[in-house]
Amino acid sequence: MDQRKAKRKVLFHVPKSIRTPYQVLPKCNVPATDLEKFRKKYYLHDKKLGKGSYGEVFMGYQRENWKPVAVKKIQLNCVEMLQLDSGRTLPKEVFFLTKVKYIDGCIKLIDHYTVKQECWIVTEYHQNSVTLGEYIFNNQILKENRVLHLFRQIASTVSKLEIAGIAHRDLKCDNILVDENDNVILIDFGLAESLEKANENLDWAPVNPPPEKDLQNFLIGPVTTWSLGIILASLLIGMVVSEIENPIEIIAKKMDDKNISFLSQNLVFQCLNLNRDCRPSPKNILKHPGLVNGV
Ligand SMILES: Nc1ncnc2c1ncn2[C@@H]1O[C@H](COP(=O)(O)OP(=O)(O)OP(=O)(O)O)[C@@H](O)[C@H]1O
Ligand SMILES: [Mg+2]
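The rules behind these values
- Residues numbered from 1 in each chain as written.
- Chains lettered and ligands numbered in written order.
- Predicted model: local features only at pLDDT ≥ 70, side-chain atom pairs only at ≥ 80, totals over all residues.
- Helix = DSSP H or I, 4+ residues; strand = E, 2+ residues; numbered from the N terminus.
- Buried ≥ 20, exposed ≤ 12 C-beta atoms within 10 Å, placed from the backbone.
- Contact = placed C-beta atoms within 7 Å.
- Pairing = 2+ DSSP bridges.
- Axes fitted to C-alpha atoms, helices over the stretch in contact; angles between N-to-C directions.
- Core = buried A, V, L, I, M, F, W, Y, C linked by C-beta atoms within 7 Å.
- Near = placed C-beta within 6 Å.
- Nonpolar A, V, L, I, M, F, W, Y, C, P; charged D, E, K, R; others polar.
- Domains from an automatic or database assignment.
- UniProt positions renumbered as here; feature names shortened; annotations may be inferred.
- Left-handed = near helix turned anticlockwise from the far one by under 90°.

Enquirer: Residue-level account of the overall build of the protein chain, with values.
Expert: Counting its secondary structure elements, the protein chain contains 12 helices and 12 strands. A total of 295 residues make up the protein chain; the buried ones form 35% of that total. By sequence separation, contacts in the protein chain at least 24 residues apart represent 61% of the contacts at least 6 residues apart.

Enquirer: So, the sheet that holds strand E10 (residues 176-178): which residues are in play, and what are the values?
Expert: Strands sit in the order E8-E10-E11 across an open sheet of 3 strands; the sheet is antiparallel. Among the strands making up the open sheet, the edge pair consists of strand E8 (130-131) and strand E11 (184-186). One ladder, built from 3 bridges, connects E10 with E11; its direction is antiparallel. Residue pairing in the sheet places Ile 176 in a bridge with Leu 186 of E11. Running at roughly 35 degrees to E11, helix H6 (residues 144-163) makes contact with E10 and E11 of the sheet.

Enquirer: Provide a residue-level description of the nonpolar core, including the pertinent values.
Expert: By size, the foremost hydrophobic cluster in this structure holds 68 residues, and its most contacted members are Ile 154, Leu 228 and Leu 232. Once you skip the residues sitting within four places of it in the chain, Leu 228 turns out to touch Ile 154, Ala 155, Val 158, Leu 171, Cys 271, Pro 282 and Ile 285.

Enquirer: Describe the site of ligand 1, naming the residues involved and giving the relevant values.
Expert: In the vicinity of ligand 1 lie 23 residues, with Gly 50, Gly 52, Tyr 54, Ala 70 and Asp 188 positioned nearest. Of all elements in the fold, only strand E1 (42-51), strand E2 (55-62) and strand E3 (68-75) reach the threshold of two or more residues within the shell around ligand 1. A total of 3 residues in the shell around ligand 1 trace back to one element, the largest contributor, which is E1. Its residues assigned to classes, the shell around ligand 1 shows 8 nonpolar, 10 polar and 5 charged. Mapping the shell around ligand 1 onto the domain boundaries places at least three of its residues in each of domain 1 (3-124) and domain 2 (130-292).

Enquirer: Give a description of the UniProt feature "binding site: ATP" (unreviewed entry) in the protein chain that names residues and reports values.
Expert: The UniProt entry lists Lys 73 under the feature "binding site: ATP" (unreviewed entry), expressed in the numbering used here. Secondary-structure assignment places Lys 73 in strand E3. Aside from chain neighbours lying at most four places away, what touches Lys 73 is Gly 55, Glu 56, Glu 118 and Trp 120.

Enquirer: Could you give an account of the packing of helix H8 (residues 220-237) against helix H9 (residues 247-257), naming the residues involved and the relevant values?
Expert: Look at H8 against H9: their axes get within 10 Å of each other, and the N-to-C directions meet at 35 degrees. Crossing of H8 over H9 shows left-handed handedness. Together, Ile 230, Ala 233, Leu 236 and Ile 237 of H8 and Pro 247, Ile 251, Lys 254 and Met 255 of H9 make up the contact between the two elements. When grouped by side-chain class, the residues that make up the contact of H8 with H9 number 7 nonpolar, no polar and 1 charged.

Enquirer: Quick one: what's the story with the pairing of E1, residue by residue and with numbers?
Expert: As judged from the 6 bridges shared by E1 and E2, these two strands associate in the antiparallel manner. The residue of E2 that forms the bridge with Tyr 43 is Tyr 61. In textbook terms, the turn of a hairpin is the stretch between consecutive antiparallel strands, and for E1 and E2 this stretch comprises 3 residues.

Enquirer: How would you explain the sheet that holds strand E7 (residues 118-124) if you had to name every residue and give the values?
Expert: With antiparallel pairing, 5 strands are arranged side by side in an open sheet as E1-E2-E3-E7-E6. Since the sheet does not close on itself, it has two edges, and those belong to E1 and strand E6 (109-115), each with one partner. Each adjacent strand pair in this sheet contributes to an overall mean axis angle of 30 degrees, direction not counted. Helix-sheet contacts for helix H4 (residues 92-99) involve E3, E6 and E7, and the interaxial angle to E7 is about 20 degrees.

Enquirer: Could you give an account of unusual backbone geometry, with specific residues and numbers?
Expert: Its identity as a non-glycine residue notwithstanding, Lys 116 has a phi of 50 degrees, on the positive side. Its place among the elements puts Lys 116 in the loop between E6 and E7. For Asp 188, which is not glycine, the phi torsion reads 60 degrees and is therefore positive. Along the chain, Asp 188 turns up in the loop between E11 and strand E12 (193-194).

Below you can see the structure in the form of structure tokens.
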């Protein structure tokens, strides 16, 4: 090897720790190139699609074909990081987004970049989609069968997640998108956890906690079903039920006022059973006659 080539080889030797894009590096070592890489592939629009407690979501475009994307920016020092067996660290949200990429009804991850102290998560964007909360606000009188069509999709996605061993843990109207064809997409895997760990881990509070929240033998399954019940009730009564302490009375009254069918009410109250052991799993929810045959 001549001297020039040997010199070049040394110049291209980049330490593994710097090459790994997921590692949280001290401020001075943050690879600025990730921003350049992002800019090469995407154009970031300043239109904000939404804001949550952990990040802001902007509209973007893929330069290759000008297809729209959503870019969620999360602060690396505010989110949980995971270390993989390979030694790589990455935000937990990105880890679970990679896992759910092939599950129907879950948002699809496209790319992710470390930019300064943030992680920019690029996902698909669904044209003219709104959150379920906005959808309820825009369509206060929804036909029951339309509600059940939406809810069937939500329960089916959650059931597939359960089969994959994943708990979303933040099922609420703001974390569900509905597109112009009434397709439902589950977003925001920022609190996702493996089912196994979700049953051990109590340092988290669902937005609408079930009555057993203080029990020692915590079980994620019935908590998930409770959240599904709250979402179904919100769709049926045309009002997002959120952070209400004892929601059952209010839900029961509003469903009666709106003449909601016996079958739909029955499904809501099965999911919101005060005894967590009597709540159906998402798989069994899908067998409810209201979801199988409609009302
Ligand atoms: N792919 C997407 N397409 C369109 N809008 C999106 C998309 N992803 C997120 N949004 C919008 O941005 C909002 C915030 O996103 P997200 O829920 O992921 O953030 P968050 O900070 O984790 O929220 P939370 O407060 O629930 O923890 C959503 O409620 C939605 O309005
Ligand atoms: Mg959210």
